Amino acid sequence: MAQQNREPGQPKIRLEHLFFGYEKQFVIEDFSLEINDREFVSIVGPSGCGKTTLLNMIAGLLQPTQGQIWLDNIHPDHPGPDRTMVFQSDAVFPWYTVEQNIEYGLKATQKPRKERRETVDRLLHLVGLEADRKKFPRQLSGGMRKRVDIARAMALQPKVLLMDEPFAALDVLTKERLQEDFLDIWTSTPMTVVFVTHDLEEALFLSQRVVVMSRNPGRVEKVVNIPLIHPRRLVVKTSAEFQEIRRDLVEVMYAMHGGLEAR
Ligand SMILES: Nc1ncnc2c1ncn2[C@@H]1O[C@H](COP(=O)(O)OP(=O)(O)O)[C@@H](O)[C@H]1O
Ligand SMILES: [Mg+2]
């Protein structure tokens, strides 16, 4: 990885004038954003606007065609243990139990077994699956599998968690419970979260800032601060303040598609 000195106190992630094209056309064009250490940022935008592409670049799976990504003082040019991904589909092994799944990533580290067990115990507690540790994924609900998935991603204590529509496949009630629980996990863990979703309400509820992306080309359309205080409970979704921010954001989204009157 390319090393360069950077001043302390810099943002955790810096995306500087990013361009990316799979083929001739750019899908991401002049995308710039700074994300602070321990911040929770959501990225929302229509399907195909380049959200997954962007996460893959931060993960180091794709290289920008132009522009620079800084993660602390490095350019992520390959995946690393300092950042992990959670996807919509579960990345759990069906032949491993809950605890084996969580421990899997730790085996590659040189940590002694006792320490690994302690990490697994702590994560089981964090995601509320202590009683289910010996179960196999097929014995779990979708929401529980997602909890395993989150614990798995957190096993190496990543500084940055990259989440690509992680709750999109869950039913509404399960999804809302996980949103609340995941916020608690974030509050108690020193990590930066970049959360991609097409669900505006989810983005609003979870994050400190919401980045609205445009499509063709994928750019930053608007960045909105969400001043709701933490810890947040689900009931905040019914508050006037929440609904007001939601309305403003919906207008931004509609404006990108030709304005409300065009519908
Ligand atoms: N491997 C690929 N090869 C060519 N085009 C791709 C590839 N992956 C994504 N695209 C295109 O790039 C654009 C952005 O895709 P993506 O990042 O997956 O968007 P999102 O996650 O916002 O739905 C889309 O138009 C998509 O069709
Ligand atoms: Mg996507």
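Treat the numbers as computed from the prediction; the structure is a model and nothing was measured.

Asker: When you look at the overall build of the chain in this model, what are you seeing that I'm missing?
Answerer: What the chain contains, in helices and strands, is seven helices and nine strands. Along the first, second and third principal axes, the C-alpha atoms of the chain reach 55 × 45 × 35 Å. Taken over 263 residues, the chain has a buried fraction of 34%.

Asker: Any chance you could explain the packing of helix 2 (residues 98–107) against helix 3 (residues 113–126) here in plain terms?
Answerer: When two helices pack together, their arrangement is given by the angle between the helix axes and by the axis-to-axis distance. At a minimum axis separation of 10 Å, helix 2 and helix 3 run at an interaxial angle of 130 degrees. Judged on the interaxial angle alone, helix 3 and helix 2 are oblique. Once helix 2 is placed against helix 3, the crossing between them reads as right-handed. On the side of helix 2, the interface is formed by Glu-99, Ile-102, Glu-103 and Leu-106, while helix 3 contributes Arg-116, Thr-119, Val-120, Leu-123 and Leu-124. Taken together, the residues of the contact of helix 2 with helix 3 sort by class into five nonpolar, one polar and three charged.

Asker: Just checking my understanding: could you explain the site of ligand 1 for this structure?
Answerer: Looking at ligand 1, the residues that line it are Tyr-22, Val-27, Gly-45, Ser-47, Gly-48, Cys-49, Gly-50, Lys-51, Thr-52 and Thr-53. Class assignment of the residues belonging to the shell around ligand 1 gives a composition of three nonpolar, six polar and one charged.

Asker: Any chance you could explain the environment of Leu-106 here in plain terms?
Answerer: For Leu-106, the position within the fold is in helix 2. What makes Leu-106 partly exposed here is the crowd of 18 C-beta atoms within 10 Å.

Asker: Is there a simple way to explain the nonpolar core in this structure?
Answerer: As a rule of thumb, soluble globular proteins bury nonpolar side chains together. Residues Ile-58, Ala-151, Leu-162 and Val-194 are the most contacted members of the largest nonpolar core, which totals 61 residues. Apart from residues no more than four positions distant in its own chain, Ala-151 is found in contact with Ile-102, Leu-123, Leu-124, Leu-126 and Val-127.

Asker: Sorry, what's going on with the confidence of the model for the chain here?
Answerer: It should be kept in mind that the predicted coordinates are not to be read in detail where pLDDT is low. Put simply, the chain has an average pLDDT of 92, and 94% of its residues get 70 or more. Mean pLDDT per element in the chain: helix 7 (residues 240–256) is the minimum at 92, and strand 6 (residues 160–164) is the maximum at 98. This model gives residues 1–9 a pLDDT under 50, and the stretch forms ten contacts once residues within four places in sequence are excluded.

Asker: Quick question: what am I supposed to make of the packing of helix 4 (residues 142–154) against helix 5 (residues 172–187) here?
Answerer: Remark: helix 4 packs on helix 5, axes separated minimally by 10 Å, with the N-to-C direction vectors making an angle of 25 degrees. Judged by the angle between their axes, helix 4 and helix 5 are roughly parallel. Helix 4 and helix 5 meet at a crossing whose hand is right-handed. Note on element contacts: helix 5 touches helix 4 through Thr-174, Arg-177, Leu-178 and Phe-182, opposite Gly-142, Gly-143, Lys-146 and Ile-150. In the contact of helix 4 with helix 5, the residues fall into three nonpolar, three polar and two charged.

Asker: Can you help me understand the sheet that holds strand 9 (residues 220–225) in this one?
Answerer: Either a parallel or an antiparallel arrangement is found when strands of a sheet pair, and the pairing is made through backbone hydrogen bonds. One open sheet accounts for six strands, arranged 5-6-7-3-8-9; its pairing is mixed. A strand with exactly one partner marks an edge of an open sheet, and here the two such strands are strand 5 (83–86) and strand 9. Taken over all neighbouring pairs, the strand axes of this sheet differ in orientation by 15 degrees on average, direction set aside. Sheet topology note: the strand 5/strand 6 ladder contains four bridges and is parallel. The residue of strand 6 that forms the bridge with Val-86 is Met-163.

Here is what the cut-offs are and how they apply
- In this numbering scheme, every chain counts its residues from 1 along its sequence in written order.
- Think of it this way: whatever chain is written first is A, whatever ligand is written first is 1, and the rest follow in order.
- Residues qualify for local features only when their pLDDT is at least 70, as the model is predicted, and side-chain atom pairs are given and counted only at 80 or more; totals for whole chains, interfaces and linings, by contrast, use all residues.
- Strands here are runs of E lasting at least two residues and helices are runs of H or I lasting at least four, both read from the DSSP assignment and numbered beginning at the N terminus.
- Exposure in this text rests on C-beta crowding, where 20 or more other C-beta atoms within 10 Å of a residue's own make it buried, 12 or fewer make it exposed, and counts in between make it partly exposed. The C-beta atoms are placed from the backbone.
- For every element, the axis is a line fit to its C-alpha atoms; helices are fit only across the contacting stretch, and the angle between N-to-C directions ranges from 0 to 180 degrees.
- Note on terminology: angles under 35 degrees are roughly parallel, angles over 145 are roughly antiparallel, angles of 65 to 115 are roughly perpendicular, and the others are oblique.
- In a left-handed crossing the near helix is turned counterclockwise from the far helix by less than a right angle, and in a right-handed crossing that turn is clockwise.
- The contact criterion used is a C-beta to C-beta distance within 7 Å, with each C-beta placed from the backbone.
- Residues are grouped as follows: Ala, Val, Leu, Ile, Met, Phe, Trp, Tyr, Cys and Pro are nonpolar; Asp, Glu, Lys and Arg are charged; every other residue, Gly included, is polar.
- For each residue, a C-beta atom is placed from the backbone, and the residue counts as near a molecule or strand when that atom lies within 6 Å of it.
- When buried Ala, Val, Leu, Ile, Met, Phe, Trp, Tyr and Cys residues are joined through C-beta atoms within 7 Å, the set is termed a nonpolar core.
- Predictor confidence is given residue by residue as pLDDT, running from a minimum of 0 to a maximum of 100.
- When DSSP finds two or more bridges between two strands, those strands count as paired.

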